[in-house]
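Each chain is listed here by its residues.
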Amino acid sequence: MREAGGIDEVSGTAIDHERALITILQAAHAGELAAAYAYQGHWRSRIGHKRRTEREEIQRIEAAEWHHRNQVADLLAALGSGPVRWREALMGTIGRFFGSLCFVGGSFLPMYAAGRLEAMNVGQYVDAAAHARASGHEGFGDQLDAMVDEEARHEAWFSDQC
């Protein structure tokens, strides 16, 4: 048996893998919303000339999260699915809440939390890419691999800030 991205590509049918892919993408779509809102609050809290470079990098990461959200929406549409509305509302609220916390705490906790969030995103997209390939959507797998690389860069940057 060959394993890729934490899933067993041999077991299950292509339909099973496609269902799993849709579930992961729906969670990722909502997660990207939470991350983007949290990063919005995060960079806005980094006030002052000395924090300009940091603020600009967090803005770049926020933009990447919005871009990933659009890509995930396109993948879901191509699979005949879409976001889960209640999850979108919940994760949007969570993201805004955590973004607001950046104004009242120090910098360690937001940076650490962001690094952990990005690490989870990496794992999520690795699994999604494996399910995409196992369900016959090779092109989706390639696109998700590129998202893994970007999320790993985000994780490394936030981890370096702690």
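A quick note: this is a predicted structure, and the numbers were derived from the prediction, not measured.

How each quantity is defined
Residues numbered from 1 in each chain as written. Predicted model: local features only at pLDDT ≥ 70, side-chain atom pairs only at ≥ 80, totals over all residues. Heavy atoms only, no water. Helix = DSSP H or I, 4+ residues; strand = E, 2+ residues; numbered from the N terminus. Rg over C-alpha atoms; globule rule 2.2 N^0.38 Å. Phe/Tyr/Trp six-rings, centres within 6.5 Å; stacked < 30°, edge-to-face > 60°. Buried < 20%, exposed > 50% of the residue type's maximum accessible area, 1.4 Å probe, protein only. pLDDT = per-residue confidence, 0-100. Expected span 1.5 Å × (residues − 1). Arc of directions from axis to C-beta. Contact = heavy atoms within 4.5 Å. Core = buried A, V, L, I, M, F, W, Y, C linked by side-chain atoms within 4.5 Å. Salt bridge = Lys/Arg side-chain N within 4 Å of Asp/Glu carboxyl O.

S.K.: In this structure, what is going on with the overall build of the protein? I would like to understand it.
M.R.: Tallying secondary structure elements over the protein gives five helices and two strands in all. The secondary structure elements of the protein, listed N-terminal to C-terminal, are β-β-α-α-α-α-α. At 17 Å, the protein has a C-alpha radius of gyration in line with the 15 Å of a compact globule built from 162 residues. With the C-alpha coordinates of the protein rotated into their principal frame, the extents come out at 55 × 30 × 20 Å.

S.K.: What am I meant to see in the packing of aromatic side chains here?
M.R.: Here a ring pair, both rings aromatic, is described through the centre-centre distance and the interplanar angle of the planes. Summed over the entire model, instances satisfying the criterion amount to four aromatic pairs. With centroids separated by 5.6 Å and ring planes inclined at 75°, the aromatic side chains of Tyr-37 and Trp-66 adopt a geometry described as edge-to-face. Highlighted residues: Tyr-37 in helix 1 (residues 14–45) and Trp-66 in helix 2 (residues 52–78), separated in sequence by 29 residues. Ring plane angle 25° and centroid distance 5.2 Å describe the contact between Tyr-39 and Phe-158, whose orientation is recorded as stacked. Note that Tyr-39 is positioned in helix 1 and Phe-158 in helix 5 (residues 138–161), a separation of 119 residues in sequence. Accessibility assignment for this pair places Tyr-39 and Phe-158 in one class, buried. An aromatic cluster is present here, built from Tyr-39, Trp-157 and Phe-158 joined pairwise through their rings.

S.K.: Help me understand the environment of Thr-13 in this model?
M.R.: Relative to the assigned elements, Thr-13 resides in the loop between strand 2 (7–8) and helix 1. With relative accessibility at 44%, the residue Thr-13 sits in the partly exposed group.

S.K.: It is not clear to me how the confidence of the model for the protein should be interpreted in this structure. Could you clarify?
M.R.: In low-pLDDT regions, the fine details of the predicted coordinates are not to be read closely. In this model, the protein carries an average pLDDT of 89, and 94% of its residues clear a pLDDT of 70 or more. Mean pLDDT in the protein bottoms out at strand 1 (residues 3–4), which sits at 46, and peaks at helix 2, which reaches 96.

S.K.: How should I be thinking about helix 3 (residues 85–101) in this particular structure?
M.R.: Every α-helix carries 3.6 residues per turn, so stepping three or four residues along brings you back to the same face. If you check helix 3, its first and last C-alpha atoms are 25 Å apart, about what 17 residues at 1.5 Å a residue would give, namely 24 Å. All buried positions along helix 3 are accounted for by Glu-88, Gly-92, Gly-95 and Gly-99. All buried residues of helix 3 lie within an arc of 65° about the axis, which places them on one face of the element. Turned more than 90 degrees from where helix 3 packs its buried face, Trp-86 and Thr-93 sit exposed. Along its buried surface, helix 3 packs onto helix 1 and helix 2.

S.K.: How should I be thinking about the nonpolar core in this particular structure?
M.R.: Burial of nonpolar side chains together is a common tendency in soluble globular proteins. Core analysis: the biggest nonpolar cluster contains 18 residues, and Leu-21, Leu-25, Tyr-125 and Leu-144 have the highest contact counts within it. Of all the secondary-structure elements, those providing two or more residues to this core are helix 1, helix 2, helix 4 (108–134) and helix 5. Ignoring sequence-local partners within four residues, the contact set of Leu-21 consists of Leu-79, Ala-128, His-131, Ala-132, Ser-135, Phe-140 and Leu-144. Core analysis: the next-biggest nonpolar cluster, separate from the first, contains nine residues, Ala-35, Ile-61, Met-111 and Phe-158 among them.

S.K.: How do you make sense of the pattern of salt bridges when you look at a structure like this?
M.R.: When the charged atoms of two side chains lie near each other, side chains of opposite charge can form a pair. Applying the stated criterion to the full structure yields ten salt bridges. Residues Arg-52 and Glu-56 are paired through a salt bridge, measuring 3.2 Å at the closest nitrogen-oxygen approach. Of this pair, Arg-52 and Glu-56 both sit in helix 2, separated by four residues, roughly a single helical turn. For Arg-52, a relative accessible area of 43% translates into the label partly exposed. Across the salt bridge formed by Glu-88 and Arg-69, the nearest N and O atoms sit 2.7 Å from each other. You can see Glu-88 sitting in helix 3 and its partner Arg-69 sitting in helix 2, a full 19 residues away along the chain.

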